[in-house]
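Listed below are the residues making up each chain.
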Amino acid sequence: MSTVGIPSSSLQMQQKQGMNLTQRLMMSTHMQQAIHLLQLPILELEPFIEEQVVSNPLLDIIPIEKEGAFIEERTSASEKMEKEITIDDRDLAILNRLDEDYREHFAGSETTPMKRSSEEEKLKSYLENSICADPSLLEKLHQQAIDTFNNQQELAIADILIGYIDANGFLKTPLQEICLLHNLEESAVKDILREMQEFEPYGIAAASIQESLLIQLRCLHKEGKLAYRLIKDYYNELLHNHIPLIQKQLKCSFSEIQEAIEKDIAKLDLHPGTHFSAQTSQVLIPDVTLRQEGEKLIVDVDRDRAPTLKINRKYLRLLNDSSTSNETKQFIKRHLFSARWLVRNLQQRYSTIERIAEFLAVNQYEFFTQPDGQLKPLTMKTIADALELHESTIARTVSNKYINSPKGIFSLRSFFTTKYTSEEGEDLSAKTVKEAILEIISGENKLRPFSDEKISEFLKSKGITCARRTVAKYRQALDLGNTQQRKKFHQS
């Protein structure tokens, strides 16, 4: 019996050299920075630049008290900085001169701060000490707990519960979970909670809106009224405006239900904690301003929010020093390159915002300058084609940014709306379509409100083609209920 052997060469791995041609989109760190700066809101611009200064030892921020001396020269100075910051050895003299220019400029502009008189200091101290903030919701509840509970253990439980109350005034964490986490007896916690639910604002510490409304009615001594029973037993039916069903089950008239809703229920607070919560108001700072001079709209981009940068001289001297090692020189050159890109990306951000604002100033001129001026439909593709930019660049640039105009402050994003074309060929914006829907609903018979399909037909009769689903979307955006929710069952 013979065995057939398998050649060992067939079992061996073979190595081959080959070439493959593939395409990949490689995005450098500086390109990523440019994209990030485009979509960065103006309030986050200064922290971002400060972060870049921390990571780049060659960059320094010019102190704010010295900036006022050259506000008018900032644009030309920043352009000069962008143009002259390079990493070539032959340009080091230019960098040195640039830094010396800054140093000489500020050397002659330093001033001694004015001293206040003793009376001015007293007035300043009085004004500062007079400033006091309204108590937050938690502070208000804590003070009421101190006034209510004499026992330290009860006060401690109350403080624990207060800590779980959210900004709207609700206690949504289950009591069993709170008791388990803090090793408390559930019966004792329920007793404390029951007393806390009589605190002001009424309706506080409830687990749901329905419970909060019931608490408010109890605190207002309306527990025996029809309004209390409607919220307790027919809450879902009220939400969906199923008044005939409620009438049938309660055997009462429509006018009685309507009176209970209007006089008792409508006055209750759906979110009792928001009025007392220490909510920080969002400050809208426009990135760009349109100001009218005669018949023209002038575009001003806010560049003052970004700190003014300069190059640290000691690193430039190191580059000129023959004793500096090549490794150190490469380190400095690399960070000079990063500084150059930062300035360039900042200028690119300002330039793109300015170009978009100029386009809007021309194409939405009537809207900005006339009281009844209508917003023309505009898509990002339209402006991208006009400015020879990519749509994604437009989208990033208008994100979270605002424009100040003679007509008020608007989100840049709000100028880009869906385009509709009427039968006459007129371009209409989504805002115009929403206004048409609002007008139709405002004029409807509330005993027989229009369906979304019917509203769509009315729009079509006006020359506006708008599908039923789009009508529903715009109706919800206008905070209008559906047919059932808008229906009234008795003529007022």
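See the structure printed just above.
All values reported here derive from a predicted model rather than from experimental measurement.

### As for the sheet that holds strand 2 (residues 288-293)
Here's step 1: Ordered by their spatial adjacency, four strands build an open sheet running 3-2-5-6, and the pairing between neighbours is mixed. The sheet terminates laterally at strand 3 (296-301) and strand 6 (408-411), the two strands that pair on one side only. With strand direction ignored, the average angle separating the axes of adjacent strands in the sheet is 25 degrees.
Here's step 2: Pairing of strand 2 with strand 5 (residues 402-405), which is carried by two bridges, proceeds in the parallel orientation.

### A look at the packing of aromatic side chains
Here's step 1: Scanning the entire structure with this criterion turns up eight aromatic pairs.
Here's step 2: Ring plane angle 70 degrees and centroid distance 6.4 Å describe the contact between F337 and W341, whose orientation is recorded as edge-to-face. One end of the pair, F337, and the other, W341, are both in helix 17 (residues 326-363), four residues apart, so they sit about a helical turn from each other.
Here's step 3: Since its relative accessible area comes to 31%, F337 is described here as partly exposed.
Here's step 4: Feature note: the residues F367, F368, F410 and F415 constitute an aromatic cluster, connected by ring pairs.

### Things to note about the pattern of salt bridges
Here's step 1: Going through the model one piece at a time under the given rule, you end up with 15 salt bridges.
Here's step 2: K263 is paired through a salt bridge with E259; the nearest N and O atoms lie 3.2 Å apart. Note that K263 and E259 are positioned in helix 15 (residues 254-265) at a spacing of four residues, about one turn of the helix.
Here's step 3: Classification of K263 as partly exposed rests on a relative accessible area of 48%.
Here's step 4: When its relative accessible area of 42% is taken as the criterion, E259 is described as partly exposed.

Calculation notes
- Residues numbered from 1 in each chain as written.
- Predicted model: local features only at pLDDT ≥ 70, side-chain atom pairs only at ≥ 80, totals over all residues.
- Heavy atoms only, no water.
- Pairing = 2+ DSSP bridges.
- Helix = DSSP H or I, 4+ residues; strand = E, 2+ residues; numbered from the N terminus.
- Axes fitted to C-alpha atoms, helices over the stretch in contact; angles between N-to-C directions.
- Phe/Tyr/Trp six-rings, centres within 6.5 Å; stacked < 30°, edge-to-face > 60°.
- Buried < 20%, exposed > 50% of the residue type's maximum accessible area, 1.4 Å probe, protein only.
- Salt bridge = Lys/Arg side-chain N within 4 Å of Asp/Glu carboxyl O.

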